[in-house]
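A look at the structure
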Amino acid sequence: MTAPLRTIENSGDKTGDIAAAMRDIGLRAKAAARQLALAPTADKDRALAAMAQAVRAASAAILTANAEDVAEAKAGGAASAFVDRLMLDAKRVAAIADGIEVVAKLADPVGTVADSWTRPNGMRIERVRVPLGVVGIIYESRPNVTADAGVLCLKAGNAAILRGGSDSFRSSRAIHAALVSGLRAAGLPEDAIQLVPTRDRTAVGLMLAGLDGA
């Protein structure tokens, strides 16, 4: 068995605790985004390479976590098509790592000149791609999206707050741990990719609220 889920569900003031947790996540994500916006391409690519390596190294732990998610889904009467989307095997975990390496090979969009023109007075104007800042992503129970969404945001210089499906909570948590280890190895802020630490749907409505006043 993997470690017990870190949830907020058992609190006497569940909504208040979730709101506080989401605000803290938002504050840390905004701080991380400021660093990522200035991060060199080499640092981001180094983090991505380390993430791919970490996913491969953690394959057994990821599969163990996923087996628990799958067992719970089956016990709850989930349809076979849903279980197939949720289920991971060694090949699918390897594909997650391969996908991270594909993103590492993409050109860095930050600082790219998307368009330029010269005004009649001789002034030169350019439209330059810059990071958005913090991106909140809500997705269904496909564990691989935890990696896909997180690494794409990183490549574009954005911090990410991820809220995956409740059914893939353990799997997403195991994959997220590998992503964080990659950030750490490259010296980038670990808060650049955060996972909402609860299955409670209240957190979805509080994702944007967590960024207010930060």
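Rules used throughout
Residues numbered from 1 in each chain as written. Predicted model: local features only at pLDDT ≥ 70, side-chain atom pairs only at ≥ 80, totals over all residues. Heavy atoms only, no water. Axes fitted to C-alpha atoms, helices over the stretch in contact; angles between N-to-C directions. Helix = DSSP H or I, 4+ residues; strand = E, 2+ residues; numbered from the N terminus. Parallel < 35°, antiparallel > 145°, perpendicular 65-115°, else oblique. Left-handed = near helix turned anticlockwise from the far one by under 90°. Contact = heavy atoms within 4.5 Å. Nonpolar A, V, L, I, M, F, W, Y, C, P; charged D, E, K, R; others polar. 1 Å grid on protein atoms, 1.4 Å probe; cavity = no way out; pocket = protein on both sides within 12 Å on 5 of 7 lines; lining within 4 Å. Points joined across faces, edges and corners; volume = space filled by probe spheres on them. Buried < 20%, exposed > 50% of the residue type's maximum accessible area, 1.4 Å probe, protein only. Pairing = 2+ DSSP bridges. Right-handed = clockwise from strand over helix to strand, strands pointing away. pLDDT = per-residue confidence, 0-100. Core = buried A, V, L, I, M, F, W, Y, C linked by side-chain atoms within 4.5 Å. Polar contact = N/O pair within 3.5 Å; in protein donor to acceptor, adjacent residues only side chain to side chain.

1. Here we look at the packing of helix H5 (residues 90-105) against helix H6 (residues 144-155)
Viewed as axis vectors pointing N to C, H5 and H6 meet at an angle of 15°, and their least axial separation amounts to 10 Å. By the criterion of interaxial angle, the relationship of H5 to H6 is roughly parallel. Considering how the two elements wind past one another, H5 and H6 form a crossing that is right-handed. Residue-level inspection shows Ile96, Ile100, Val103 and Ala104 of H5 in contact with H6, the latter providing Asn144, Ala147, Val151, Leu152 and Lys155. For the contact of H5 with H6, the class distribution of residues is seven nonpolar, one polar and one charged.

2. Side note on empty space enclosed by the protein
On inspection of all chains with the given rule, the structure shows one cavity of 30 Å³ or more. Size it by volume and the largest cavity reaches roughly 60 Å³. Of the residues assigned to the lining of the largest cavity, the class counts are three nonpolar, five polar and two charged.

3. Concerning the packing of H6 against helix H7 (residues 169-185)
Packing of H6 against H7 brings their axes to within 9 Å, and their N-to-C directions diverge by 25°. Classified by the angle their axes make, H6 and H7 are roughly parallel. Where H6 crosses over H7, the two elements pack in a sense that is right-handed. Packed against H6, whose contacting residues are Thr146, Ala147, Val151 and Leu154, the element H7 presents Ser172, Ile175, His176, Leu179 and Leu183 at the interface. Of the residues in the contact of H6 with H7, the class split is six nonpolar, three polar and no charged.

4. Brief notes about the pairing of strand S4 (residues 159-163)
Counting buried residues along S4, five of its five residues qualify, which places the element largely inside the surrounding structure. Here S4 shows two buried faces, one formed by Ala159, Ile161 and Arg163 and the other by Ala160 and Leu162. In this sheet, S4 lies alongside strand S3 (residues 134-138) in parallel orientation, the contact comprising five bridges. Its bridge partner lying in S4, valine 134 is registered against alanine 159. Remark: the S3/H6/S4 crossover connection has right-handed handedness. Across three bridges, S4 lies against strand S5 (residues 193-195) in parallel orientation.

5. A few points about the confidence of the model for the protein
Scored by pLDDT, the protein comes out at a mean of 89, with 87% of its residues at no less than 70. In this model residues 1-13 is a low-confidence stretch, pLDDT under 50, and it forms 28 contacts with partners more than four residues away in sequence or in other chains.

6. Re the environment of leucine 154
Structurally, the position occupied by leucine 154 is in helix H6. With 121 residues separating them along the chain, leucine 154 and alanine 33 place their C-alpha atoms 9.3 Å apart. Here leucine 154 is in contact with Leu36, Lys44, Ala47, Leu48, Met51, Leu183 and Leu188, once residues within four sequence places are set aside.

7. As for the nonpolar core
Buried together is how nonpolar side chains tend to be arranged in soluble globular proteins. Formed by 38 residues in total, the largest nonpolar core has its most connected members in Leu48, Met51, Val55, Ile100, Leu154, Leu162 and Leu188. Once residues within four sequence positions are removed from consideration, leucine 162 is found in contact with Ile137, Tyr139, Thr146, Ala149, Gly150, Ile193, Gln194, Leu195 and Val196. In this structure, Ile25, Ala29, Ala33 and Ile161 belong to the second largest nonpolar core, which totals eight residues.

8. Examining the side chain of arginine 170
Inspection of the secondary structure puts arginine 170 in helix H7. Here arginine 170 falls in the buried class, since its relative accessible area comes to 14%. A polar side-chain atom of arginine 170 sits 3.5 Å from a polar atom in the side chain of glutamate 72.

9. Things to note about the side chain of aspartate 108
Among the secondary structure elements, aspartate 108 is positioned in the loop between H5 and strand S1 (113-118). A polar atom in the side chain of aspartate 108 sits 2.5 Å from the side chain of threonine 41. Within the structure, aspartate 108 has its side chain in polar contact with the side chain of lysine 44 (distance 2.9 Å). Those residues within four positions of aspartate 108 in sequence are excluded, and the remaining contacts are Thr41, Lys44 and Lys155.

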